[in-house]
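So you can see what is in the structure, the chains are spelled out below.
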Amino acid sequence: MLEQTVIKELKVGDKIEGFYLLKDPQIKMTAGGKPFLRGGVSDRTGCVEMKVWDYSGTITASDNGKVAFISGTASEYRGNLQVIADVIRLAETEDQYDLAELIPTAPIDVGQAYQEVERLVASITDDDYRVVCTAVLERFEAMLKTIPAAKSVHHAFLGGLLMHTLTMMQIADFLAGLYSECINRSLLLAGVLLHDIGKGREFSLSELGLVTDYSAEGNLLGHLVIGAGEAAAVAAELGIPAEKSLLLQHLILSHHGKPEHGAAVIPKCAEATLLTYIDGLDSRMEIYREQLLNIKPGEFSGQIFALDRGMIYRHF
C-alpha cells in the first residue's frame, strides 16, 4: 500500500502522491480558453485547494466525494496552500488505500457525547419540551451521531452535527443560569437540540457519509424550514400546547439571526436571540480550531472566506 503525504503536514514545494477525497471538482476555463480542473483534495487531517491545468480528463462535478489518485506539487497562491496536480484519476477497484485515513471524523467519543446530550435533555424541567426532545432523539439518533454539520466551513466531518449540538447545549446550559431572569432554560435547550435537525434532509451525502451537495428539498426549503416542520409535526403528534410548538419553530426559523444570513424571521424572544449567538460562537470557534491545526506559532493563515476574508494569527 502506498505511503502517502498527509495533508496536514504538506508544505510549499512538497511533492504529493496518494489517494485523497475529491472536494467540489469543477471544470473551468482560463482567460485563454483552455480547460482546467479546480477543486480540493482532502484526507482525515485536512483539505487543500487543487488545480489541474490543461485538463482533458473525465472527472466532473458528479465525482464530488469520490476517492482519486493524485500526484503533484504543493505551491502557494494568495497566501493559501494549493496543489498543482500532474496526475489525477478516480480510484479503481484494484487500488489499495486505507479509507479510515481519508474520512475526516469529529475529535470526540461519539458514544460519550451522545450520552451527554441525553443527560442534558433529561435535565429539561418543562415536561412538554423534554418530551419533544426525547422523541426527536429517538427518531433522529442515527443521523445525529453520524452526519456532518455542514458541507464546508465548520464541523464538515462525520459526527460534526453531534459535536456542534453538544457544545451548543453545554454553552446554553451555562448561559441559561447566568441569564435566568430572562431565559427559559427548557425552551433554550430544546431549541438548541432542534435547531439543525433539518440538515438530515437538507444534505446529499456520499457513500462515505460526507456532504457532497444539497438535496432538492435543501435547495428549495433549507434546513430552517425543514427543521421547523419536523418540530411542528412531533409537537402535534405529542399534543404539545400550540404556543410551545410555535416557540420551538420560531427558534429554529430565526437561529441564523438575519434574513441576509438565511433566517426566515428575526429573533423575537430572548431565547431565540441567545440561540443565534450560541450558534455563531460555536461555528466561529470551530473555524479557528480547524485553521489553527495548519498554522505554525508566530505565523498567519491565508485569507479565510468564512471569517470575512480575514486572517488568523497563531500566537502559541
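Now for a look at the structure at hand. The written sequence of each chain sets the order in which its residues are numbered from 1. With the structure being a predicted model, the display of local features is reserved for residues of pLDDT at least 70 and the display and counting of side-chain atom pairs for 80 or more, all residues being used for whole-chain, interface and lining totals. Hydrogens are left out, water is left out, and the side-chain values use all remaining heavy atoms of the structure.

1. Section: the packing of aromatic side chains
Logical step 1: Two rings belonging to Phe, Tyr or Trp (six-membered ring only in the last case) form a pair when the distance between their centres is within 6.5 Å. Interplanar angles under 30 degrees mark stacking, angles over 60 mark edge-to-face geometry, and anything in between is tilted. Within the structure shown, the criterion is met by five aromatic pairs.
Logical step 2: Both rings, one in F19 and one in F69, keep their centres 5.4 Å apart while their planes meet at 65 degrees; by these two values the pair is edge-to-face. With F19 in strand β1 (residues 15-29) and F69 in strand β4 (residues 67-77), this residue pair connects regions lying 50 residues apart in the sequence.
Logical step 3: To sort residues, take the accessible area from a 1.4 Å probe on protein chains only and compare it with the maximum for the residue type: under 20% means buried, over 50% means exposed, and anything in between is partly exposed. Using a relative accessible area of 6% as the deciding quantity, one classes F19 as buried.
Logical step 4: Using a relative accessible area of 13% as the deciding quantity, one classes F69 as buried.
Logical step 5: Members of the aromatic cluster, connected to one another through ring pairs, are F19, F69 and Y97. Runs of H or I in DSSP of at least four residues are treated as helices and runs of E of at least two as strands, each being numbered from the N terminus.

2. Brief notes about a nonpolar patch on the surface
Logical step 1: Where nonpolar side chains cluster on the molecular surface, the patch consists of F174, L178 and Y179 and spans about 350 Å² of accessible area.
Logical step 2: Mapped onto the fold, L178 is located in helix α3 (residues 160-178).
Logical step 3: Under the relative-accessibility criterion, L178 is labelled exposed at 52%. Patch rule: a residue counts if its relative accessible area is over 30% and it has no salt bridge; like charges are joined within 9 Å, and nonpolar side chains (Val, Leu, Ile, Met, Phe, Trp, Tyr) within 5 Å. Accessible areas in this description were obtained via Shrake-Rupley with a 1.4 Å probe; residue shielding takes into account the shown protein chains only. Note on definitions: salt bridges are taken to be side-chain nitrogens of Lys or Arg within 4 Å of carboxyl oxygens of Asp or Glu.

3. Some remarks on the layout of surface pockets
Logical step 1: Roughly 990 Å³ of internal volume is contained in the second largest pocket.
Logical step 2: In this analysis, the protein atoms alone were mapped onto a 1 Å grid. Cavities are point sets where a 1.4 Å probe fits without being able to get out; pockets are open sets with protein on both sides within 12 Å along at least five of seven lines; lining residues have an atom within 4 Å of a point. Considering the residues around the second largest pocket, the lining is formed by 30 residues, among which H154, H256, H261, D279 and S283 are closest to the centre.
Logical step 3: With nine residues, the single largest contributor to the lining of the second largest pocket is helix α9 (residues 270-292).
Logical step 4: Three classes are used, and their members are as follows: Ala, Val, Leu, Ile, Met, Phe, Trp, Tyr, Cys and Pro are nonpolar, Asp, Glu, Lys and Arg are charged, and the others, Gly among them, are polar. Of the residues belonging to the lining of the second largest pocket, the class tally is 10 nonpolar, 12 polar and eight charged. Grid points are joined across faces, edges and corners, and a volume is the space filled by probe spheres set on the points.

4. With respect to the sheet that holds strand β5 (residues 80-90)
Logical step 1: The pairing criterion is simple: DSSP has to find at least two bridges between the two strands. Around the barrel, which closes on itself, the five strands sit in the order β1-β2-β3-β5-β4 with mixed pairing between neighbours. Each strand of the sheet is rotated relative to its neighbour by a mean of 50 degrees, with strand direction disregarded. Angles here are taken between N-to-C directions and fall from 0 to 180 degrees, while the axes themselves are lines fitted to C-alpha atoms, restricted in helices to the stretch in contact.

5. Structural notes on empty space enclosed by the protein
Logical step 1: Under the counting rule described, the total for this entry stands at one cavity of 30 Å³ or more.
Logical step 2: Put simply, the largest cavity is a space of about 40 Å³.
Logical step 3: Around the largest cavity, the lining residues are L21, L22, K23, N64, G65, L210, V211 and T212.
Logical step 4: Among the secondary structure elements, those contributing two or more residues to the lining of the largest cavity are β1 and β7 (211-214).
Logical step 5: At three residues, β1 tops the list of elements feeding residues into the lining of the largest cavity.
Logical step 6: Taken together, the residues of the lining of the largest cavity sort by class into four nonpolar, three polar and one charged.

Honestly, that's just the spatial picture; any functional story needs more than this.
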